[in-house]
Amino acid sequence: MRPTPDDQTHTSLAIVDARDWQNQFVLETGEKSDQQGPLVTLMRELLQRHPYPGDLDAQSNRWVSDTALELVAGYQPQFVFLTYAQQYFAQRVGPMGDDERRTMLALLFNEVERFVAESGCTPVIIGRGGVTPSQGIIDLSGLDGIGISTHWSARYAGLHEPSRSDLKLLAADPKIARIVTRQEFLALFDGTPEDGRLLPDYLLVARPGYSFKALGCTMRKPVMIPDAIDTIPFYSPLGAAADLTAVRGVIEQGLLQGRKVALIMLEGVGSQDFPWPRSPCGNNRDWFCYEPGDAQFLAITSGRHRIFEHPPGYLFYADMDKIRSYPLSGYFKEVPVGTIGTQYPGRSIAVGNKSMAMHMVAGADLCVECFSRNHFNQGTMGVIHRQHKGLP
């Protein structure tokens, strides 16, 4: 597959379905839209037929498969991007027995197999990493400087304008594995001074099993947190991927062969639970391990590291404009360019129960995701990035 220039001429639409009503917006501005077309009708009807059960509901992963299969039948994409996340949410917020966990994972794997069998897609399956019991919290709220832990991060926190006593206190904390300067982090990813615009003065790295309490931590207190791991499990009949940035090449190889390819991401699944023949996929650069956030997604869909766009521990509120762009897209201020969906000339879709990620990190033509915040179910959102490809 030869990438085409990013398609930036379109107006992306968002349709929010709250079961009793639907509203349609321009994704970039949040303004109401009355634009019509075959794909708008397809999306509206799809959302009506597939209300989201909720992040913690046992049927949430089935919702992903059912919604995606109907979209495959109606739009006939060549590239599919799926994320299954219910098992991660369920393990994160509450205690779970071994039998209950095995049953939950078996249902997940059955859903993946069902989608692959019914869609005819060649799978590229990645476990985003397992979870480990929380051993404790590192509280940064009493520091002289500002500690920030952002966007689902557990292992990393940013430290801004710390005092000498802050640094001395943190250096002596046995729960902290590493204190990294801005310059050291820039050098790790071959960054330029401009890349460091959003970086904290220091990046704090927790030891495995520990997480931070700091500004930006709005999620429920976790029972389990993501593992800090150098490799994650990967399976595809198309071949192996040495690291995250090599996955895109595997996908493009399949598309060049005329196959329909599905990139399937499994939240909270590590090598121990991964049921398919697996090869290790590098999830790190030196000491830095990716957490299951947008940077990991973008490394996969772009084929390059993009850690500086929303780096761990950055001053997220300082990066906000007075006039908010993409108000339905969380901390994203634009649709990331250079992803598979923005450059692939064929049809593409994305479906998943991980909010905001689905319509931003792959750039697929049509995207469906849960419209859920902090596990509060507010409905379903469909995004149409491109209408010019039309119905098959």
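Our structure's up above, just so we're on the same page.
In this text the structure is predicted, and so the values were computed from the model without any measurement.

**Re the overall build of the protein**
Regarding its fold elements, the protein presents ten helices and 20 strands. For 392 residues, the compact-globule estimate of 2.2 N^0.38 gives 21 Å, and the protein sits close to it at 20 Å. A principal-axis box enclosing the C-alpha atoms of the protein has dimensions of 65 × 50 × 45 Å. Out of the 392 residues in the protein, the part that is buried amounts to 57%. Residue pairs at least 24 apart in sequence account for 73% of intrachain contacts in the protein once pairs closer than 6 positions are excluded. Distance from the positive charge centre (37 side chains) to the negative charge centre (43 side chains) of the protein: 1 Å.

**Topic: the sheet that holds strand β10 (residues 202-206)**
If you trace the four strands from one edge of the open sheet to the other, you get β7-β8-β10-β9, paired in antiparallel fashion. Pairing within the sheet leaves two strands with one partner each, and these edge strands are β7 (146-148) and β9 (176-181). Mean inter-strand twist for the sheet, computed between neighbouring axes without regard to direction, equals 25 degrees. Bridge count for β7 against strand β8 (residues 156-160) is three bridges, and the pairing is antiparallel. Note on β8: the bridge partner recorded for G147 is L159. Where helix α5 (residues 164-171) meets the sheet, it contacts β8, β9 and β10, and its direction lies at approximately 145 degrees from that of β9.

**Here's the deal with unusual backbone geometry**
You will see that Q76, though not glycine, has its phi angle at about 55 degrees, which is positive. Residue placement: Q76 occurs in the loop between α2 (60-75) and β3 (79-84). With a phi close to 55 degrees, D286 is a non-glycine residue in the positive phi region. Positionally, D286 belongs in the loop between β16 (284-285) and β17 (288-289).

**Side note on the pattern of salt bridges**
Under the defined criterion, the tally for this structure stands at 18 salt bridges. A salt bridge links D273 to R101; the shortest N-O distance between them is 2.6 Å. Of this pair, D273 sits in the loop between β14 (261-266) and β15 (279-282) while R101 sits in helix α4 (residues 98-119), and the two are 172 residues apart along the sequence. The partner of R114 in a salt bridge is E111, with the nearest N and O atoms 2.8 Å apart. Of this pair, R114 and E111 both sit in helix α4, three residues apart, roughly one helical turn. By the burial criterion, R114 is buried, and E111 matches it. A single salt-bridge network, built from bridges that share partners, covers R62, D66, E111, R114 and E118.

**A short note on α4**
The end-to-end C-alpha separation of α4 is 32 Å, in line with the 32 Å expected for 22 residues at 1.5 Å each. Listed as buried for α4 are M104, L105, L108, F109, E111, V112, R114, F115, V116 and S119. Once α4 ends, the next one or two residues include G120, with phi positive near 75 degrees.

**Here's the deal with the environment of P237**
When you line up the elements, P237 lands in the loop between β13 (231-235) and α7 (247-256). By relative accessible area, P237 is classed as partly exposed at 47%. Separated by 48 residues in the primary sequence, P237 and F189 have C-alpha atoms spaced 31 Å apart.

**Digging into the nonpolar core**
By size, the foremost hydrophobic cluster in this structure holds 58 residues, and its most contacted members are F81, F185, V247 and L263. Here this core gets five residues from one element, more than from any other, and that element is helix α8 (residues 294-302). Within the second largest apolar cluster, 41 residues are counted, among which are V64, A90, L108 and F274.

**Overview of the packing of aromatic side chains**
Describing an aromatic ring pair means giving the distance of the ring centres and the angle of the ring planes. Summed over the entire model, instances satisfying the criterion amount to 16 aromatic pairs. Ring geometry for F81 versus F297: centroids 5.7 Å apart, planes at 85 degrees, classification edge-to-face. In this pair, F81 is assigned in strand β3 and F297 in helix α8, connecting sequence segments 216 residues apart. Residue F297 is classed as buried on the basis of its relative accessible area, which comes to 2%. One Lys or Arg, R128, reaches over the ring of F297 and ends 3.7 Å from the middle of that ring. Lying over the aromatic face of Y75, R347 brings its terminal NZ or CZ to 5.4 Å of the ring centre.

**A closer look at the environment of M381**
As for its placement among the helices and strands, M381 is situated in strand β20 (residues 376-384). Considered as a pair, M381 and V116 are 265 residues apart in the sequence and their alpha carbons are 24 Å apart. Ignoring any residue separated from it by four or fewer positions in sequence, one finds M381 in contact with A14, I15, V16, L47, L328, H359, C367, V368, E369 and F371.

**Some words on the pairing of strand β18 (residues 348-352)**
Within a regular strand, the side chains alternate between the two sheet faces. Within β18, five of the five residues are buried, leaving the element largely enclosed by the surrounding structure. Here β18 shows no split at all, with S348, A350 and G352 on one side and I349 and V351 on the other all buried. Examined bridge by bridge, β3 and β18 share five bridges and lie parallel to one another. Pairing of F81 across the sheet is with A350, part of β18.

Definitions and limits used
Residues numbered from 1 in each chain as written. Predicted model: local features only at pLDDT ≥ 70, side-chain atom pairs only at ≥ 80, totals over all residues. Heavy atoms only, no water. Helix = DSSP H or I, 4+ residues; strand = E, 2+ residues; numbered from the N terminus. Rg over C-alpha atoms; globule rule 2.2 N^0.38 Å. Buried < 20%, exposed > 50% of the residue type's maximum accessible area, 1.4 Å probe, protein only. Contact = heavy atoms within 4.5 Å. Lys, Arg positive; Asp, Glu negative; His and termini not counted. Charge placed at Lys NZ, Arg CZ, Asp CG, Glu CD. Pairing = 2+ DSSP bridges. Axes fitted to C-alpha atoms, helices over the stretch in contact; angles between N-to-C directions. Salt bridge = Lys/Arg side-chain N within 4 Å of Asp/Glu carboxyl O. Expected span 1.5 Å × (residues − 1). Core = buried A, V, L, I, M, F, W, Y, C linked by side-chain atoms within 4.5 Å. Phe/Tyr/Trp six-rings, centres within 6.5 Å; stacked < 30°, edge-to-face > 60°. Lys NZ or Arg CZ within 6 Å of the ring centre and 35° of its normal.

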